[in-house]
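Structural overview for review
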Amino acid sequence: SELRNHTLLTEFVLSGLSSHTELQNLLFFTFCLIYTITVTGNLLIFIVTVHPTLRMPMYFFLRVLSFLDITTASVVVPKMLVSFLSKERSISYMGCATQLYFAIFLTATECYLLAAMAYDRYVAICNPLRYAVVMNRRVCLSLVLLSCLSGNVVSVVQTAWVFTLPFCGPNKIHYFFCDIPPLIMLSCTDTSSYEMQTVTATVLVILTPFCFILLSYICIISTILKISSAEGRQKTFSTCSSHLIVVTLYYGSGTLIYLRPRSIFSQDTKKILAIIYTAVIPMLNPMVYSLRNKEVKGVLIKSIAE
């Protein structure tokens, strides 16, 4: 009977971000603005960092980060925007699986990419004389491809596991997109072994890269403390602190959601945490990583002036 019901299920229904009808228009305009800023800001960074004067590996990683942020937001936000204005909130079975695959693939890839970017900064600041040799074009491409490959493996495995679960009860997902925690809540079988697999994936995808980033920044900060110029120390500290704040928000929100898929957090709390890494961080990244950069600002101003 469970198998029959599972195979007959052809769609899910997304409850959306909020059930309050009076908030729908306000939420639509808020997230429409966030999405517009995200796409515009990241597209701008992607175009600007192609400039011949910005050939450093850091700008190559920033282009990849901008692409990931645009696509991550595009996988989640447009569907959410439609739900604010329409009562039709269904998503097909295959559409849900596709959305889950791309959401996991893009966010997992970004987790690994941010670790690669931290390594790039570590080499640049702690070992500047060997920077050009260590971070050559081949190494940079390899790090990006490895991030993508790892993200893809994680996504394929997680998506396959979720969609082999039998869904034989209600098909309403109390969330604004197809994600692991709300989907396993709908399963009519014991998911404890799957939850352990999700915890393992969280450790590998989120906690391990975060620890690596933290270690990189500890080395960077210890090197900064040796800088004789107070202005130089302040400037580098400012850059490092803003990076760490965004990284902590990104990894922290993901950890709280996935480390305990059936945690005591309410669905509203999980929705807010998910909004941070799917909509807010992609909007903030251009400002934190690029628009505060003197070289990027210089090329941007020059391009506008021309």
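About the cut-offs
Residues numbered from 1 in each chain as written. Predicted model: local features only at pLDDT ≥ 70, side-chain atom pairs only at ≥ 80, totals over all residues. Heavy atoms only, no water. Disulfide = S-S within 2.5 Å. Helix = DSSP H or I, 4+ residues; strand = E, 2+ residues; numbered from the N terminus. Buried < 20%, exposed > 50% of the residue type's maximum accessible area, 1.4 Å probe, protein only. pLDDT = per-residue confidence, 0-100. Contact = heavy atoms within 4.5 Å. Pairing = 2+ DSSP bridges.

With that out of the way, let us pick up the state of the cysteines. Simply put, disulfide is the name for a covalent bond between the sulfur atoms of two cysteines. Scanning all chains against the criterion turns up one disulfide. Cys 96 shares a disulfide with Cys 178; S-S distance 2.0 Å. Residues Cys 96 and Cys 178 share a disulfide whose torsion about the S-S bond is about -120°; that sign makes it left-handed. Here Cys 96 is found in helix 4 (residues 93-126), whereas its partner Cys 178 is found in the loop between strand 3 (172-173) and helix 7 (180-185), with 82 residues between them in sequence. For the pair Cys 96 and Cys 178, a shared accessibility class is recorded, and that class is buried. Just so you know, Cys 211 is unpaired, no disulfide at all, and the nearest cysteine sulfur is the one on Cys 111, 12 Å from it. You can see Cys 219 has no disulfide; the closest cysteine sulfur is in Cys 126, sitting 5.8 Å from it.

What follows covers the confidence of the model for the protein chain. The predicted structure's coordinates, where accompanied by low pLDDT, should not be read in detail. Taken as a whole, the protein chain shows an average pLDDT of 86; of its residues, 92% reach a score of 70 or greater. Across residues 1-7, confidence stays below pLDDT 50; counting only partners more than four residues off in sequence or on other chains, it has 10 contacts.

Side chains of strand 1 (residues 11-14) alternate between two faces, with Phe 12 and Leu 14 buried and Glu 11 and Val 13 left unburied. Where strand 1 meets strand 2 (residues 90-92), three bridges bridge the pair, whose relative direction is antiparallel. The residue bridging Glu 11 from the neighbouring strand is Ser 92, located in strand 2. Bridge analysis of strand 1 against strand 3 gives two bridges, and the strand direction is parallel. Each bridged residue has a counterpart across the sheet, and for Leu 14 the counterpart in strand 3 is Ile 173.

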